[in-house]
2 protein chains.
Amino acid sequence: MTTTNIPPAYDRMVELLREKAVLNSCGSLLGWDEQTYMPPAGGEHRANQLALLAGLTHERATTPELGGLLGELKEFEESAGSESVLAVNIRAARRDYDRATQLPRKLVEEMTREISLAQQKWVAARKQADFSIFQKSLESIIRLKREEASILKKEGETLYDALLDEYEPGMRAEQVQALFDPLREGVIKLLQQIKDSSVEPKTEILKRSYPTDRQHELGQAAAAQIGFDFERGRLDTTAHPFCSEIGPGDCRLTTRYFENFFNSGFFGILHEAGHGMYEQGLNVEQYGLAMGLSVSLGIHESQSLLWENFVGRSRPFWNHFYPKVQGMYPESLNGVSLDEFYTAINDVRPSYIRVEADELTYNLHIMLRFELEQKLLAGELEAADVPEVWNSRFTEYLGVTPENDAQGCLQDIHWSAGLMGYFPTYALGKMYSAQFFKAAQNEIPDLSDLIANGEFGELKSWLNKNIHDRGQQYQARDLVKVVTGNELSEKPLLEALGTKYGEIYGF
Amino acid sequence: MTTTNIPPAYDRMVELLREKAVLNSCGSLLGWDEQTYMPPAGGEHRANQLALLAGLTHERATTPELGGLLGELKEFEESAGSESVLAVNIRAARRDYDRATQLPRKLVEEMTREISLAQQKWVAARKQADFSIFQKSLESIIRLKREEASILKKEGETLYDALLDEYEPGMRAEQVQALFDPLREGVIKLLQQIKDSSVEPKTEILKRSYPTDRQHELGQAAAAQIGFDFERGRLDTTAHPFCSEIGPGDCRLTTRYFENFFNSGFFGILHEAGHGMYEQGLNVEQYGLAMGLSVSLGIHESQSLLWENFVGRSRPFWNHFYPKVQGMYPESLNGVSLDEFYTAINDVRPSYIRVEADELTYNLHIMLRFELEQKLLAGELEAADVPEVWNSRFTEYLGVTPENDAQGCLQDIHWSAGLMGYFPTYALGKMYSAQFFKAAQNEIPDLSDLIANGEFGELKSWLNKNIHDRGQQYQARDLVKVVTGNELSEKPLLEALGTKYGEIYGF
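These numbers were taken from a predicted model, which means no experiment stands behind them.

Undergrad: Any chance you could break down the packing of helix α1 (residues 8–36) of chain A against helix α5 (residues 85–102) of chain A for me, citing the residues and the numbers?
TA: All names here are of chain A. One can describe the packing of α1 onto α5 by two numbers: an axis separation of 12 Å at closest approach and a directional angle of 55°. Classified by the interaxial angle, the pair formed by α1 and α5 is oblique. Handedness of the α1/α5 crossing: left-handed. Where α1 approaches α5, its residues Tyr 10, Met 13 and Leu 17 are matched on the opposing element by Leu 86, Asn 89, Ile 90 and Ala 93. Tallied by class, the residues present in the contact of α1 with α5 amount to 6 nonpolar, 1 polar and no charged.

Undergrad: Tell me about the packing of helix α6 (residues 105–127) of chain A against helix α7 (residues 132–152) of chain A, residues and numbers included.
TA: Residues and elements named next belong to chain A. The interhelical angle for the contact between α6 and α7, taken along N-to-C directions, is 150°, at an axis separation of 9 Å. In this view, α6 runs roughly antiparallel relative to α7, as classed from their interaxial angle. Crossing hand, α6 versus α7: left-handed. Facing α6, whose interface residues are Leu 107, Glu 110, Met 111, Glu 114, Ile 115, Ala 118, Lys 121, Trp 122, Ala 124 and Ala 125, α7 presents Ile 133, Phe 134, Ser 137, Ser 140, Ile 141, Arg 143, Leu 144, Lys 145, Glu 147, Glu 148 and Ile 151. Residues belonging to the contact of α6 with α7 are distributed by class as follows: 12 nonpolar, 2 polar and 7 charged.

Undergrad: I'd like a rundown of the packing of aromatic side chains, residues and numbers included.
TA: Residue and element names in this part refer to chain A. Overall, the coordinates contain 63 aromatic pairs over all chains when judged by the stated rule. Geometrically, the ring pair formed by Phe 317 and Trp 318 is edge-to-face, given 5.2 Å between the ring centres and 75° between the ring planes. Residue Phe 317 is classed as buried on the basis of its relative accessible area, which comes to 0%. Take Trp 318: its relative accessible area is 0%, and that puts it in the buried class.

Undergrad: Now, about the sheet that holds strand β1 (residues 233–237) of chain B: what can you tell me, with residues and values included?
TA: All names here are of chain B. Overall, mixed pairing links the 3 strands, which are arranged β1-β3-β2 in an open sheet. Strands at the two margins of the open sheet, each flanked by one partner only, are β1 and β2 (243–247). Between one strand axis and the next, the sheet turns through 20° on average, direction left out of account. Bridging between β2 and strand β3 (residues 250–255) involves 4 bridges; their strand directions are antiparallel. Each bridged residue has a counterpart across the sheet, and for Cys 243 the counterpart in β3 is Leu 253. Relative to the sheet, helix α1 (residues 8–36) contacts β1, β2 and β3, its axis offset from that of β2 by approximately 140°.

Undergrad: Give a description of the side chain of Ser25(A) that names residues and reports values.
TA: With respect to the helices, strands and loops of the structure, Ser25(A) is situated in helix α1. Polar contacts involving the side chain of Ser25(A) include one to the side chain of Gln49(B), which spans 2.7 Å. The residues contacting Ser25(A), other than those within four sequence positions of it, are Ile246(A), Tyr287(A), His45(B) and Gln49(B).

Undergrad: Account for the sheet that holds strand β1 (residues 233–237) of chain A, with residues named and values stated.
TA: Sheets are built from strands paired through backbone hydrogen bonds, the pairs being either parallel or antiparallel. Taken together, 3 strands build an open sheet; the order of strands is β1-β3-β2 (chain A) and the sheet is mixed. The open sheet has two edge strands, β1 and β2 (243–247) of chain A, and neither has a second partner. Between one strand axis and the next, the sheet turns by 20° as a mean value, whatever way the strands run. Packed on one face of the sheet, α1(A) meets β1, β2 and β3 (250–255) of chain A and runs near 140° to β2(A). Taken strand by strand, helix α2 (residues 43–61) of chain B contacts β2 and β3 of chain A, and its axis lies near 70° from that of β2(A).

Undergrad: Describe the environment of Val386(A), naming the residues involved and giving the relevant values.
TA: Residues and elements named next belong to chain A. Following the sequence through the fold, Val 386 ends up in helix α17 (residues 386–398). Sequence separation of Val 386 and Glu 373 is 13 residues, and the distance between their C-alpha atoms is 9.9 Å. Setting aside chain neighbours within four positions, we find Val 386 in contact with Phe 131, Leu 138, Leu 372, Leu 376, Leu 381, Cys 409 and Trp 415.

Undergrad: Outline the interface of chain B and chain A, listing residues and values.
TA: Each side of the interface is counted separately: chain B has 35 residues, and chain A has 35 residues. For the pair chain B and chain A, the summed buried surface comes to about 2700 Å²; carbon and sulfur atoms form 68% of the total. Between chain B and chain A we count 4 salt bridges in total. Put simply, Arg46(A) and Asp250(B) hold a salt bridge, and the shortest N to O gap is 3.4 Å. Sorting the residues of the side of chain B that touches chain A by element identifies α1, α2, β1, β2 and β3 of chain B as the ones contributing at least two each. Here the side of chain B that touches chain A gets 9 residues from one element, more than from any other, and that element is α1(B). Here the residues of the side of chain B that touches chain A are counted per class, giving 18 nonpolar, 8 polar and 9 charged.

Reading the values: rules and limits
- Just so you know, the residues in each chain are numbered from 1, in the order the chain's sequence is written.
- As they are written, the chains are lettered A onward and the ligands numbered 1 onward, keeping that order.
- It should be noted that, the model being predicted, local features are given only for residues of pLDDT at least 70 and side-chain atom pairs only at 80 or more, the latter also being counted only at that level, while totals for whole chains, interfaces and linings use all residues.
- Only hydrogens and water are set aside; all other atoms, that is, all heavy atoms of the structure, feed into the side-chain values.
- For every element, the axis is a line fit to its C-alpha atoms; helices are fit only across the contacting stretch, and the angle between N-to-C directions ranges from 0 to 180 degrees.
- Note on conventions: DSSP H or I runs of at least 4 residues are helices, E runs of at least 2 residues are strands, and numbering of each starts at the N terminus.
- Any angle between 65 and 115 degrees counts as roughly perpendicular, while under 35 counts as roughly parallel, over 145 as roughly antiparallel, and the rest as oblique.
- Here is the rule for handedness: rotate from the far helix to the near one, and if that takes an anticlockwise turn smaller than a right angle the crossing is left-handed, while a clockwise turn gives right-handed.
- Contacts are assigned to residue pairs that have any heavy atoms within 4.5 Å of one another.
- Residues are grouped as follows: Ala, Val, Leu, Ile, Met, Phe, Trp, Tyr, Cys and Pro are nonpolar; Asp, Glu, Lys and Arg are charged; all remaining types, including Gly, are polar.
- Only rings of Phe, Tyr and Trp enter the pairing, Trp through its six-membered ring, and a pair is recorded when the two centres are within 6.5 Å. The plane angle decides the type: under 30 degrees is stacked, over 60 is edge-to-face, the rest tilted.
- Three exposure classes are used, based on accessible area relative to the maximum for each residue type with a 1.4 Å probe and protein chains only: buried under 20%, partly exposed in between, and exposed over 50%.
- DSSP calls a pair of strands paired once it identifies at least 2 bridges connecting them.
- Here a polar contact is taken to be a pair of N or O atoms separated by no more than 3.5 Å, where protein atoms must pair a possible hydrogen donor with a possible acceptor and residues adjacent in sequence count only if both atoms sit in side chains.
- A simple way to read buried area is as the amount of 1.4 Å-probe accessible surface that goes missing from two parts once joined, with both sides added.
- Salt bridges are identified by distance alone: a Lys or Arg side-chain nitrogen within 4 Å of an Asp or Glu carboxyl oxygen.

Just geometry here; none of it tells us what the structure is for.
Right, here's the structure in full:
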């Protein structure tokens, strides 16, 4: 198709969508600043700013002009071929437009304001390990999310499906459940084998002194080496790490450092850099359009997890990096062998905090949250009962009981940010990442050697070509099939974990 | 007046103005970020974001609904009493609305385009110290500013008056001239006395090693001690220091540090903290309205200069702070007496660069620029002749001749940014600050002792009450009279400088 065939309605649609994206990106910067540099008393005004921008963005997302253009483009879309750039962009624009026009502006603004306040409540509640400070905010958010879901849900969908669809388009809760069931079984089996093993990783190694300025230096260098471009991005510290794309040429990573724990900072940075490299790998020409956007949260998470775990916690990676890290922290790592270090960073041990959980038990954290969220949405669980249910379920799955709410149901920012239906994408991301990495290994036979040499360019190019460049050409499940040749499955993940832990724990 | 008397049109006006202010404040954060943390490749997208927000803000500033409300409120305004909160807010809203709607869109767009080009030309010209690169741009800017001024100017005003009015509402060029003439005479006389003095400040002291991390620590502590509230603000580094109010509860100071020059960082922070304390002292209830806004650029500058110079370069201040600074930099300041240090930071010496000039000669830089601007606007001076006239006038006033255009007429960004009529506010700020400080000394008899004890709360409260709380209730000259009981005059400034330098230089 030549450009002369493109109808004027398409060009105008692009103009409108770009403007919406630019406006939305102003909110991204305000949000980033809120989590990094905003002074304590700036919260109320920030809430007003974000509410106004959200309202203006919503106005643009629902302008009748866009609806008219999408109507005009219907025929053209059908003739263009469903995987063509133009059809993908129009289809996604229609999906977004339908979704946005369904939600009343009043609801959107109320949600934005509630979220900004809820986040501050959540920070206070977590600080004091007191769920009651946050309870009322959570109730409001659940009420608003139920209202949102009941408007959005399509024939045959549950309230939960309607929310999940926003983060993982095309995925249903029951499909997730069908993957989670065998995954849980496999994870619990591996966990038992590890518990039965006599191998005891020396995790104390990682809790020695790791001055944070050097952690920052190391993490920044590692992120640059695996391929994150600091001309087009930066790295800052925050309470709850995230990656935020501000716009083409501007992607912000955040992390947090603990002087007496190596993993948080280092693997957190690899994780966020994986997200950032996805954003930096998107097609700038398609900015603001589906073909220039990431597929889903699960696919996004697959990129962060692939770099954090399949690369960053692999033996070849540490063949290359360990001497460097040891040189930076001689007082803590002299006399510690590569093998001891590698075993320690892959320690499996039930623990309270999701973001600090090992690769294996992490999945159980997600499944717990997935079950609770579904019950909250379905009205089968009250906000007030969350701490109790959390703790008992947690004990059942992981065999340990959180000592307080900060270690339990208050640990994550998501609910306070109005993100429900979001958690399962983390475990979906685990499965996607395993399946993608397996495919990359098949297509780049010397991948382990490259990684052991500190060369990451080929893997990055492979991800650019197979995933990033494609934008939203395929929905997540279809993308997995196109890239790997197989349907999404929990098996590659369980296989990879089994092989790795079998080697480490000797089973 | 009770609130029940307030017409609905007023409430709606407030709503519209608040929304405009909030929208504008999003641009403030984006602008702050651009100067502090934005990655190098983020510039293009940032320009798109700012252009979009500027367009949306302009839309709100010129919406016919606002014009209609202001028409409706005319009678009410007249009955409310000209110094009443409501009348002040309506009058200022009308002034802004008229200004925004008077300028044809074509002129605004041409100006925007010309400024964007002119800034690039200016950067190149300054880099190569060659005015001819910038000349054509300056000609265009003058032409457009003349056009703008001829639209805006009111009966009996000169073109220059119309531009000055944007920065210093109500002030006329001839009033400024009437103050500048005796000020120049006094400054030149003092400068001669200083040149004739045998005292030679040991400025080398200030060029020793001052590690920047400790400068930051010291500056932050000093800003907090004089009264800048870090719960409602922060301090970062940038290339060209500024203070930016993001909104109630959020005010950002910036500075820059030089390892081998103490003054830039420390006095720069006091200066910006003075601006910041003005913003933090404004009435939050009146956010977005004239009663919650600063009076003028000159009054703003008076607040920064009062803290930087009248407090920060005073002997009592250093009685308190010097032991602390000496303790932080023993390797540079051991053996340096308080007297030597105090004399060094008050060194007077003609120099080329305005922003690096001392308190005394600074005024001459401003007067020179003021004279040139007036002639350019009046068509009595051609852009092409600026370098020659600059250099000869500079030599006449300061006794030294710039070696090139970068040290001369190209040093400041203002003209390339379309800012004409702005410079005099810097010297007005000097006079305001002297007159305000004198009044504060009269009303707080032990002010020197308080400062020498590191106690700044009373002075801050005095400024809050007399200046900040009042918003735009009075125009600058009237405010001076209300606060000090006297008409604005150059005398308090000349007296203060004469006393200080007489003591230091022994005349």
